[in-house]
Amino acid sequence: MQVEIAEKLHVVFFGPVCVVRKFMAILKVARLGNPVLREHAAPIPPDQIQSSDVQRLIEDMVATMHEYDGVGLAAVQIHESKQLAVLEVAENPRYPRKPQVPLTVLINPSITPLTEEMEEDWEGCLSIPELRGKVPRYKSIRVSAYDAMGAQLDFIASDFHARVIQHEWDHLQGKVYLDRMRDFSTLTHLQELTRFWMDK
Ligand SMILES: [Zn+2]
C-alpha cells in the first residue's frame, strides 16, 4: 500500500518538475511558544483534499520537511491549523541509521495502539530546535487517514515508523514531545547528546 502511495506522490510532486518547482515554497516553521502549536487542528473536509489550496500546502510542507531534514511535519508547525501531516524517513543526517519510511501524507488521521507496550527513544522537533529527549511511545499502532488524493488509508506501523506518526499526531492535538516525556532528565542539547549520550 505504501509503495502505491509513494508512486502517486511521485506523480503529484515531481511529475511536471519545471511547473511544480516553480511554485514550491519553504515555509516558516513555528517554534515552541507560538500558540498555533497548542491548538487542536481542524479536520480537512474530504471533498477539499484535491483542491489546489490543499495540494499546494502538501507540496510546500514536503519541501519544507526536506529543507530542514525533518522526518515529519505537521501543518500546525507551518501555522496552518489543519489535520494534515507529512512524513518520510530516508537517509537523514538528523536521524541516522533509522529504518526507511516512504513519503506519506496523513489527513485527518486517527491512531489506535495495538499494544500496551511502550518504548523510550530519542526525539527532536523542528519546532523545538537543538534539543532531544527520550519519549515513551507505543511500539505498534493502527493508523487510519486520508492520503494526499483523498483515498482512505488503513495500515499498521511499528517501532520508529510508529514513533514518527505518534509525534505528528500529537502536533495535531496541540501537543509536543515534551508533554510526553516521563521526566526531563534526558532532555539535552544536540552537542551534549553526541558527547554524553550516544550509547544510551
Ligand atoms: Zn515535532
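Residues numbered from 1 in each chain as written. Predicted model: local features only at pLDDT ≥ 70, side-chain atom pairs only at ≥ 80, totals over all residues. Heavy atoms only, no water.

1. A word on the sheet that holds strand β7 (residues 152-158)
If you trace the five strands from one edge of the open sheet to the other, you get β1-β2-β3-β6-β7, paired in antiparallel fashion. Only two strands of the sheet have a single partner each, and these edge strands are β1 (72-74) and β7. Along the sheet, successive strands turn relative to each other by an average axial angle of 40°, direction set aside. With three bridges joining them, β1 and strand β2 (residues 84-89) adopt antiparallel strand pairing. Paired with L73 across the bridge in β2 is V86. This element, helix α3 (residues 52-67), spans β1, β2 and β3 (101-113) of the sheet and lies at about 40° to β2. The strands that helix α4 (residues 159-172) touches are β1, β2, β3, β6 (140-146) and β7; relative to β7, the one it contacts most, it runs at about 125°. (Pairing = 2+ DSSP bridges. Helix = DSSP H or I, 4+ residues; strand = E, 2+ residues; numbered from the N terminus. Axes fitted to C-alpha atoms, helices over the stretch in contact; angles between N-to-C directions. Contact = heavy atoms within 4.5 Å.)

2. Side note on the confidence of the model for the protein chain
Interpretation of this model should avoid reading the predicted coordinates in detail wherever pLDDT is low. Averaged over every residue, the pLDDT of the protein chain is 89; residues scoring 70 or more account for 88%. Confidence drops under a pLDDT of 50 for residues 1-21, and excluding neighbours within four residues, the segment shows 28 contacts in the predicted structure. (pLDDT = per-residue confidence, 0-100.)

3. Comments concerning the coordination of the zinc ion
The zinc ion binds to the protein through C125 (SG), H167 (NE2) and H171 (NE2), with metal-donor distances spanning 2.1 to 2.2 Å. Counting residues between consecutive donors of the zinc ion along the chain gives the motif C-x41-H-x3-H. Taken together, the positions of C125 in strand β4 (residues 118-125) and H167 in helix α4 put the pair 42 residues apart, joining distant regions of the chain. Here H167 falls in the buried class, since its relative accessible area comes to 8%. (Donors = N, O, S within 2.8 Å, 3.2 Å for Na, K, Ca; no water. Buried < 20%, exposed > 50% of the residue type's maximum accessible area, 1.4 Å probe, protein only.)

4. Points about empty space enclosed by the protein
Applying the stated criterion to the full structure yields three cavities of 30 Å³ or more. Along its surface, the largest cavity is lined by 17 residues, and V71, Y95, G124, H167 and E168 are the ones closest to its centre. Elements represented by at least two residues in the lining of the largest cavity include exactly β4 and α4. By residue number, the principal contributor to the lining of the largest cavity is α4, which donates six residues. Of the residues contributing to the lining of the largest cavity, the split by class is seven nonpolar, six polar and four charged. (1 Å grid on protein atoms, 1.4 Å probe; cavity = no way out; pocket = protein on both sides within 12 Å on 5 of 7 lines; lining within 4 Å. Points joined across faces, edges and corners; volume = space filled by probe spheres on them. Nonpolar A, V, L, I, M, F, W, Y, C, P; charged D, E, K, R; others polar.)

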